[in-house]
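Structural overview for review
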Amino acid sequence: MKIVLTGSEALYTVEQLCQTLLPTGEGICNCQVTRRDSMIFANCHMRLDSRETHATARHALSGDAHRDVNLERRTLARAVFRAALPYLPQPPEWGMLSGVRPAKLVRAHLERGGTLRGAKSFLQREYFVSEKKAALCTEAGKIAAEVHKTFSERDFSLYAHVPFCPTRCTYCSFISAAGDAFARWGEPYLDCLCRELAMLGRLRAEHSLRARSIYVGGGTPAVYAPEQLRRLCQALRDTCGGVPEEFTVEAGRPDAITEEKLIALYEEGVTRICVNPQTIHDATLKRIGRAHTAADFFRAYALARKTGFQEVNCDLIAGLPGETAGDFQDTLVKILSLAPENITVHTLARKRGSAFHELHTEATSPEVITHMLAEAESQLTEAGYRPYYLYRQKYTGGSFENIGWTKPDHLCLYNVSMMEEIGNIFSAGAGAVTKLTSRGLTRFTNPKYPAEYLAAGSDFSARYEALVKYDS
Ligand code: SF4
């Protein structure tokens, strides 16, 4: 979609919205914004598929410059949304929201003194969000506001990234090296990661910071051998000055998980572990390039429990190639019978340009995915789970969301703080993003690829200086 915008700097708002609502649209979206008599006026003309639509929106200015920038964006978005509606088969469930973190709006509303009911109707009225999605979002936003209250300016969460996997899943959109990359880079990468963690540990000690949680993600962190995992856990504990209240390792793929590794993680202080089946259908697992079976998952899950883990998360994906609503339902029922503390339901992201499109030409229809997600919501709710964090996917048809579900009192603190950008997030490893929130949001991003990270990572003093400068 070609976008022409005059009278406003909010081009990104229009781009995001067009990309979300009309991802394959080839046309023109022409918008103008004007301010007069204490009002903002937005106009949108859209031409697409030999049709033309026109819509307007307006809003009173508040007189507060910062607030008025947001009001201008929202007014412009309303005009674009209204102009796009006639091209859509039905009104989108997320309305005109295009951001990936919708629960942030609820938290902001609550923290300004608003009520839950007010937050929900704000989403419905101002952003045209459906009743169901507004309810989900309100629950997640409420939890985020509660978590936020427990954070001080000096609190941080720690993330370490392991960008290696046993094989590459066909739908993977992460930077993760498979095959012999691990044999080549695994050990030097761990050395580098430990050096970066030592730098962060120095920062923590010198500035009296408090660690709230650790999360080791990937990739598949369980590709490392037990002794390497012990070394990584030790480095993480040293960074934090001990074991914080939550220590997660996304062990990940069952084909990388062994009893010895689980024992190493447990003995080194890990409190929460992710064992991810995605589906319990072997034919699908084979189709998507995961070198494990459903039986491998059940074995790894049972081992995690036997080792003593009290907090286990299982990731599932709705919309895997070749799966019907019934297949997804089977997976859900089997996973619920295990009663893990957390279940994360992802929707398959079909990123344009990925190998996935060539390998799997048959996409699950948005209607089937909608049905799968509705089933998941109703069964998880009935089984006593609550949505505790959610994020929406960018650049995917249907504009679906991923939701973390939790049994009462078992939410993953790291997931909430990372998703809602609560407290400082120190991140180590390739592509890791450190976010400092105490004075606005400042990001420091590491080199993306393992080889680049290794090349740049012999000396972390420049990063240390940058972080200290931020704090002073
Ligand atoms: S396990 Fe995750 S990170 Fe690894 S290849 Fe599969 S999707 Fe990518």
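1. Examining the overall build of the protein
What the protein contains, in helices and strands, is 16 helices and 15 strands. Here the protein has a C-alpha radius of gyration of 23 Å; the compact-globule value for 472 residues is 23 Å, and the two agree. Here the C-alpha coordinates of the protein stretch approximately 65 × 55 × 40 Å along the principal axes. A total of 472 residues make up the protein; the buried ones form 54% of that total. Taking as baseline every contact in the protein between residues at least 6 positions apart, the subset at least 24 positions apart corresponds to 71%. Carbon together with sulfur atoms contributes 52% to the accessible area of the protein, which is approximately 20,300 Å² in total.

2. A short note on the domain arrangement of the protein
Annotation of the protein at the domain level lists domain 1 (1–88) and domain 2 (150–456). Placing the centre of domain 1 and that of domain 2 at their C-alpha centroids yields a distance of 36 Å.

3. Quick word on the site of the ligand
Near the ligand the following residues occur: Cys165, Thr167, Arg168, Cys169, Tyr171, Cys172, Phe174, Ser176, Gly219, Thr220, Arg253 and Arg290. Grouping the amino acids of the shell around the ligand by side-chain chemistry returns five nonpolar, four polar and three charged.

4. Some details on helix H3 (residues 103–111)
For H3, the complete set of buried residues consists of Ala103, Val106, Arg107, His109 and Leu110. The buried side chains of H3 occupy one side of the element, clustering within an arc of 160° when seen end-on. Looking at the buried residues of H3, the elements they touch are helix H4 (116–127), helix H5 (131–149) and helix H14 (413–420). A positive backbone phi angle near 100° is found at glycine 113, which sits one or two residues after H3.

5. Quick word on the packing of helix H10 (residues 294–307) against helix H11 (residues 325–338)
Two measures define how a pair of helices packs: the angle their axes make with one another and the distance between the axes. Relative orientation of the contacting elements H10 and H11 amounts to 20°, with a least axis distance of 12 Å. Viewed along their axes, H10 and H11 adopt a mutual orientation that is roughly parallel. Read as a crossing pair, H10 and H11 show a hand that is right-handed. Of H11, the residues touching H10 (which contributes Phe297, Phe298, Tyr301 and Arg305) are Lys334, Ile335 and Leu338. Class assignment of the residues belonging to the contact of H10 with H11 gives a composition of five nonpolar, no polar and two charged.

6. Topic: the state of the cysteines
Under the criterion given, the structure shown has zero disulfides. No disulfide involves cysteine 18; its sulfur sits 4.1 Å from the nearest other cysteine sulfur, which is in cysteine 29. Exposure remark for cysteine 18: the relative accessible area of 4% places this residue in the buried category. Of all cysteine sulfurs in the structure, the one in cysteine 233 sits closest to cysteine 240, which takes part in no disulfide; the separation is 11 Å. Looking at cysteine 240, the relative accessible area reads 10%, which means it is buried.

7. Remarks on the pairing of strand S14 (residues 433–436)
As a general feature of sheets, a regular strand has side chains that alternate between the two faces. Direction of pairing for S14 relative to strand S15 (residues 442–445): antiparallel, over a ladder of four bridges. Paired with threonine 434 across the bridge in S15 is phenylalanine 444.

8. Remarks on the pairing of strand S3 (residues 39–48)
Residues Ile40, Ala42, Cys44, Met46 and Leu48 line the buried face of S3, whereas the alternating positions Met39, Phe41, Asn43, His45 and Arg47 sit on a face that is not buried. Pairing between strand S2 (residues 27–36) and S3: 10 bridges, direction antiparallel. Within S3, the residue paired with threonine 34 across the bridge is phenylalanine 41. In sequence, S2 turns back onto S3 through a hairpin of two residues, with aspartate 37 there showing a positive phi of about 50°. Examined bridge by bridge, S3 and strand S4 (residues 51–60) share 10 bridges and lie antiparallel to one another.

9. A few points about the packing of helix H8 (residues 259–267) against H10
Orientation of H8 relative to H10, taken along the N-to-C sense of each, is 35°, at an axis distance of 10 Å. Note that H8 runs across H10; the crossing there is right-handed. Of the residues in H10, those in contact with Glu259, Leu262, Ile263 and Tyr266 of H8 are Ala300, Leu303, Ala304, Lys306 and Thr307. Across the contact of H8 with H10, the residue classes tally to six nonpolar, one polar and two charged.

10. A word on the side chain of glutamate 401
Relative to the helices and strands, glutamate 401 resides in strand S12 (residues 401–406). A relative accessible area of 3% means that glutamate 401 is categorised as buried. Here the side chain of glutamate 401 touches tryptophan 94 through a polar contact of 2.8 Å, side chain to side chain. Apart from the residues within four sequence positions on either side, glutamate 401 is in contact with Trp94, Lys133, Leu136, Val345, Thr347, Leu373, Tyr391 and Arg392.

11. Quick look at the packing of aromatic side chains
Under the definition given, this model contains 16 aromatic pairs. Taking 5.7 Å as the distance between ring centres and 75° as the angle between the ring planes, the aromatic pair formed by phenylalanine 122 and tyrosine 127 counts as edge-to-face. Accessibility assignment for this pair places phenylalanine 122 and tyrosine 127 in one class, buried. Taken together, a centroid distance of 5.3 Å and an interplanar angle of 85° make the contact between phenylalanine 164 and tyrosine 189 edge-to-face. Here tyrosine 189 lies in helix H6 (residues 181–206) and phenylalanine 164 lies in the loop between strand S5 (155–162) and H6, a separation of 25 residues in the sequence.

Reading the values: the criteria
- Residues numbered from 1 in each chain as written.
- Predicted model: local features only at pLDDT ≥ 70, side-chain atom pairs only at ≥ 80, totals over all residues.
- Heavy atoms only, no water.
- Helix = DSSP H or I, 4+ residues; strand = E, 2+ residues; numbered from the N terminus.
- Rg over C-alpha atoms; globule rule 2.2 N^0.38 Å.
- Buried < 20%, exposed > 50% of the residue type's maximum accessible area, 1.4 Å probe, protein only.
- Contact = heavy atoms within 4.5 Å.
- Areas by Shrake-Rupley, 256 points an atom, 1.4 Å probe, with all protein chains shown as cover.
- Domains from an automatic or database assignment.
- Near = heavy atom within 4 Å.
- Nonpolar A, V, L, I, M, F, W, Y, C, P; charged D, E, K, R; others polar.
- Arc of directions from axis to C-beta.
- Axes fitted to C-alpha atoms, helices over the stretch in contact; angles between N-to-C directions.
- Parallel < 35°, antiparallel > 145°, perpendicular 65-115°, else oblique.
- Left-handed = near helix turned anticlockwise from the far one by under 90°.
- Disulfide = S-S within 2.5 Å.
- Pairing = 2+ DSSP bridges.
- Polar contact = N/O pair within 3.5 Å; in protein donor to acceptor, adjacent residues only side chain to side chain.
- Phe/Tyr/Trp six-rings, centres within 6.5 Å; stacked < 30°, edge-to-face > 60°.

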